[in-house]
Amino acid sequence: MKIKNDQPMIFSNVFVTLLFAAVIGLTGCKQEGPAEEAGKKVDESVERTQERLEEGTEQRQESIEERDEATGQKSGSVEEYLDDSAITAKIKAEMVADPLLSAAKIDVITDKGVVKLSGVLNSQQSADRALEIVRSVKGVKSVENNLVVSPVSR
């Protein structure tokens, strides 16, 4: 009587089963959608903007100080300017990433933490969403809303 060695057969079956499970698992993975890609691009854009602003801080401070000495006046600090720029950049980035506002033309100006919005939107929902985004950004002290709702007629 001859004894047959079943170990290679079992190993082969387990390997095929694992390989099959891996293929099924990988086919179930989804590619990133447009929202994820837009979110990454917005985050990268905000990060690059903040880096550029920080790089020029010392030079801007010196320029402001020189101008103040020459004119005998005292103006806002570079930190205030950078904070305002960062607030504006963050707001614009979030608006671009928002599907409701991505196509909207909204002007955003920040001065000492006060955000001024202006533009024409096609729905009250868009205007409300813009205000919601602005109010969620850290550093915003108040909002001057000059947005106009004018539905597009067909």
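Residues numbered from 1 in each chain as written. Predicted model: local features only at pLDDT ≥ 70, side-chain atom pairs only at ≥ 80, totals over all residues. Heavy atoms only, no water.

Visitor: What exactly am I supposed to notice about helix α5 (residues 124-136) here?
Guide: Each α-helix winds once per 3.6 residues, and so residues spaced three or four apart point in a common direction. For α5, which comprises 13 residues, the first-to-last C-alpha distance of 18 Å matches the rise-based estimate of 18 Å (1.5 Å per residue) to within 8%. Those residues of α5 not exposed but buried are Ser-126, Ala-127, Ala-130, Leu-131, Ile-133 and Val-134. With its buried residues spanning 160 degrees around the axis, α5 presents them on a single face. Opposite the packed face of α5, turned more than 90 degrees from it, sit the exposed residues Gln-125, Arg-135 and Ser-136. (Helix = DSSP H or I, 4+ residues; strand = E, 2+ residues; numbered from the N terminus. Expected span 1.5 Å × (residues − 1). Buried < 20%, exposed > 50% of the residue type's maximum accessible area, 1.4 Å probe, protein only. Arc of directions from axis to C-beta.)

Visitor: Could you clarify how one ought to interpret the pattern of salt bridges in this entry?
Guide: Side chains bearing opposite charge may pair, as long as their charged atoms lie close to each other. A full pass over the atoms with the stated rule returns four salt bridges. The partner of Lys-90 in a salt bridge is Glu-94, and the shortest N-O contact between them spans 3.4 Å. Separated by four residues within a single helix, Lys-90 and Glu-94 lie in helix α4 (residues 78-97), roughly one turn from each other. Look at Lys-90 and you get partly exposed, because its relative accessible area is 32%. With its nearest N and O atoms 2.5 Å apart, the salt bridge here joins Arg-129 to Asp-98. (Salt bridge = Lys/Arg side-chain N within 4 Å of Asp/Glu carboxyl O.)

Visitor: For this particular structure, what's the right way to read the environment of Glu-94?
Guide: According to the relative accessible area criterion, Glu-94 is partly exposed, its value standing at 24%. When the C-alpha atoms of Glu-94 and Ile-133 are compared, they prove to be 7.1 Å apart, with 39 residues separating the residues in sequence. The residues touching Glu-94, leaving out its near neighbours within four places in the chain, are Val-42, Ile-133, Ser-136 and Val-137. (Contact = heavy atoms within 4.5 Å.)

Visitor: Would you mind showing me how to read unusual backbone geometry here?
Guide: Excluding glycine, a negative phi dihedral is what most residues carry, and trans is how most peptide bonds are arranged. A positive phi angle, close to 55 degrees, is found at Lys-112, a residue other than glycine. The topology assignment puts Lys-112 in the loop between β1 (106-111) and β2 (114-121).

Visitor: Is there a simple way to explain the nonpolar core in this structure?
Guide: The nonpolar side chains of soluble globular proteins are, as a tendency, buried together. Of all hydrophobic cores here, the largest spans 17 residues; its most connected members are Ile-91, Met-95, Ile-106, Val-115 and Leu-117. When contributions to this core are tallied by element, the ones reaching two or more residues are α4, β1, β2 and α5. Ranked by residues supplied to this core, first place goes to α5 with five residues. When neighbours within four sequence positions are excluded, Ile-91 is seen to be in contact with Val-108, Val-115, Ile-133, Val-134, Val-137 and Val-140. (Core = buried A, V, L, I, M, F, W, Y, C linked by side-chain atoms within 4.5 Å.)

Visitor: Would you mind showing me how to read the sheet that holds strand β3 (residues 142-149) here?
Guide: Working definition: the strands of a sheet are paired by backbone hydrogen bonds and lie parallel or antiparallel to each other. Strand order in this open sheet of three strands is β1-β2-β3, and the pairing throughout is mixed. One side of each edge strand has no neighbouring strand; the edge strands of this open sheet are β1 and β3. Strand-to-strand twist in this sheet, taken as the mean axis angle between neighbours without regard to direction, amounts to 10 degrees. Across eight bridges, the pairing between β2 and β3 is parallel. Residue pairing for β3: Leu-117 is matched across the bridge by Asn-145. On the sheet, α5 packs against β1, β2 and β3 and is oriented at approximately 165 degrees with respect to β3. (Pairing = 2+ DSSP bridges. Axes fitted to C-alpha atoms, helices over the stretch in contact; angles between N-to-C directions.)

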